[in-house]
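Secondary and tertiary structure notes
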Amino acid sequence: ENITFIGNGFSITSIQNYTGVYSNQFNTTVKNCNISMGSLGNTGAIGIEIGDSADNSSIINNTIIGEMDFGISFGAEFSNISNNYVNVSTSGVATTGIYLVSASNNFLVDNTGISLAEYGIYLASSHFNNLISNNATSSTNEAILLASANDNYLESNIGTSTSDPGIYISGGTRGTYFNNTGESGNDYGIYIRLTNENNFTNNLGISVSNSGTYVQLSSNNSFISNTGTSGSSYGFILDNSYNNSFI
């Protein structure tokens with residue numbers, strides 16, 4: 001435990017299916033690293049991998065670029081992931097910038113996640129997290145995806161996708177979403193599905209060719225001062241969703 005790895009701007013590089021930095025130790029710090037792993041479809045590679053025993057860790061100010069499965073794969077709790085730049089864009093390979101799986105009570109602040117073929121930022125079954133001022137981009141999938149993720153707080157995040165929703169919230173409850181922007185060229189700017197008992201305030205959904213914000217099979221949510229805009233469809237659609245309040 002109590003592991004500190006400071007890269008001081010030096011690089012960790014491999015074209016193989018390895019992890020650049022791995023830890024499963026309590027109170028791990030990984031800071032100021034340049035990491036590039038994987039090449040030519042070697043998508044088993046991961047930039048920084050933090051296991052579920054490495055609670056109270058800090059991943060700060062790292063630059064991760066390459067053809068990796070995940071730029072950052074994170075499974076710990078009570079940790080800080082801040083000021084990281086992750087670009088795993090590569091043609092024809094499904095890659096995710098920042099991935100949290102069963103990871104709760106963490107702070108994600110001022111990160112950039114860029115993917116060509118999967119998600120910029122993806123939370124799976126991860127609860128009680130705070131996502132603030134992150135920027136995510138995807139060309140062929142959701143930029144920001146929350147799947148079965150409860151009690152999360154999202155503020156001032158931007159998700160931009162060419163073909164899928166900019167922000168997709170699926171199956172989450174009791175979350176708070178404030179001042180976020182989801183933008184898409186061909187799909188919904190913000191897509192909310194099977195999502196109940198959440199508070200949405202001052203969020204903006206933008207779509208060029210679909211609805212700005214689409215709410216489906218979601219009930220008992222509060223919507224305050226949200227905006228949906230579209231170049232060719234409805235700004236805001238409510239589909240089979242009940243007992244929601246709008247102010």
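Anyway, here's the lowdown on the structure attached to this text. The shown structure was predicted, so the numbers you read here are calculated from the model rather than taken from an experiment.

1. Points about the sheet that holds strand β21 (residues 167-170)
Pairing is parallel across the open sheet formed by ten strands, whose spatial order is β3-β6-β9-β12-β15-β18-β21-β24-β27-β30. Looking at the sheet topology across the chains shown, the edges are occupied by β3 (19-23) and β30 (236-239). Each strand of the sheet is rotated relative to its neighbour by a mean of 5°, with strand direction disregarded.

2. Some points on the pairing of strand β20 (residues 158-161)
Burial of the side chains of β20 is restricted to one face: G159 and S161 are buried, whereas none of I158 and T160 on the reverse face is. Taken together, the four bridges between strand β17 (residues 135-138) and β20 define a ladder with parallel strand orientation. The residue bridging N135 from the neighbouring strand is I158, located in β20.

3. Observations concerning the side chain of S161
Mapped onto the secondary structure, S161 falls in strand β20. Of the polar contacts made by the side chain of S161, one reaches the backbone oxygen of S138; its length is 3.4 Å. A distance of 3.4 Å separates a polar atom in the side chain of S161 from the backbone nitrogen of S163. What S161 contacts, discounting residues up to four positions off in sequence, is S138, S139, N141, A143, G166, E183, S184 and G185.

4. Topic: empty space enclosed by the protein
Inspection of every chain in the model, using the stated rule, returns one cavity of 30 Å³ or more. For the largest cavity, the calculated volume is near 100 Å³. Contributing to the lining of the largest cavity are 13 residues, with I190, I192, F200, N203 and N226 lying nearest its centre. Of all the elements in the fold, those that place two or more residues in the lining of the largest cavity are β21 and β24 (190-193). Tallied by class, residues from the lining of the largest cavity come to nine nonpolar, four polar and no charged.

5. A short note on the environment of G166
Considering the arrangement of structural elements, one finds G166 in the loop between β20 and β21. Here G166 falls in the buried class, since its relative accessible area comes to 0%. Ignoring any residue separated from it by four or fewer positions in sequence, one finds G166 in contact with A143, I144, G159, T160, S161, G182, E183, S184, Y188 and G189.

6. Here we look at the packing of aromatic side chains
Taken as a whole and judged by the stated rule, the model has twelve aromatic pairs. Where F70 meets Y99, the ring centres are 4.6 Å apart and the plane angle is 10°; that geometry is what we call stacked. Here F70, found in strand β9 (residues 70-74), pairs with Y99, found in strand β12 (residues 96-101); they are 29 residues apart in sequence, far enough to count as distant. The pair F70 / Y99 is uniform in exposure class, with both members buried. Note on F236 and F246: the rings are 5.7 Å apart at their centroids and 85° apart in plane angle, and the pair reads as edge-to-face. With a gap of ten residues between them, F236 in strand β30 and F246 in strand β31 (residues 245-246) connect regions that are remote in the sequence. Taking relative accessible area as the criterion, F236 reaches 30% and is therefore assigned partly exposed. Among the aromatic residues, those joined into a ring-pair cluster are Y177, F200, F223, F236 and F246.

What counts, and at which threshold
- Residues numbered from 1 in each chain as written.
- Predicted model: local features only at pLDDT ≥ 70, side-chain atom pairs only at ≥ 80, totals over all residues.
- Heavy atoms only, no water.
- Pairing = 2+ DSSP bridges.
- Helix = DSSP H or I, 4+ residues; strand = E, 2+ residues; numbered from the N terminus.
- Axes fitted to C-alpha atoms, helices over the stretch in contact; angles between N-to-C directions.
- Buried < 20%, exposed > 50% of the residue type's maximum accessible area, 1.4 Å probe, protein only.
- Polar contact = N/O pair within 3.5 Å; in protein donor to acceptor, adjacent residues only side chain to side chain.
- Contact = heavy atoms within 4.5 Å.
- 1 Å grid on protein atoms, 1.4 Å probe; cavity = no way out; pocket = protein on both sides within 12 Å on 5 of 7 lines; lining within 4 Å.
- Points joined across faces, edges and corners; volume = space filled by probe spheres on them.
- Nonpolar A, V, L, I, M, F, W, Y, C, P; charged D, E, K, R; others polar.
- Phe/Tyr/Trp six-rings, centres within 6.5 Å; stacked < 30°, edge-to-face > 60°.

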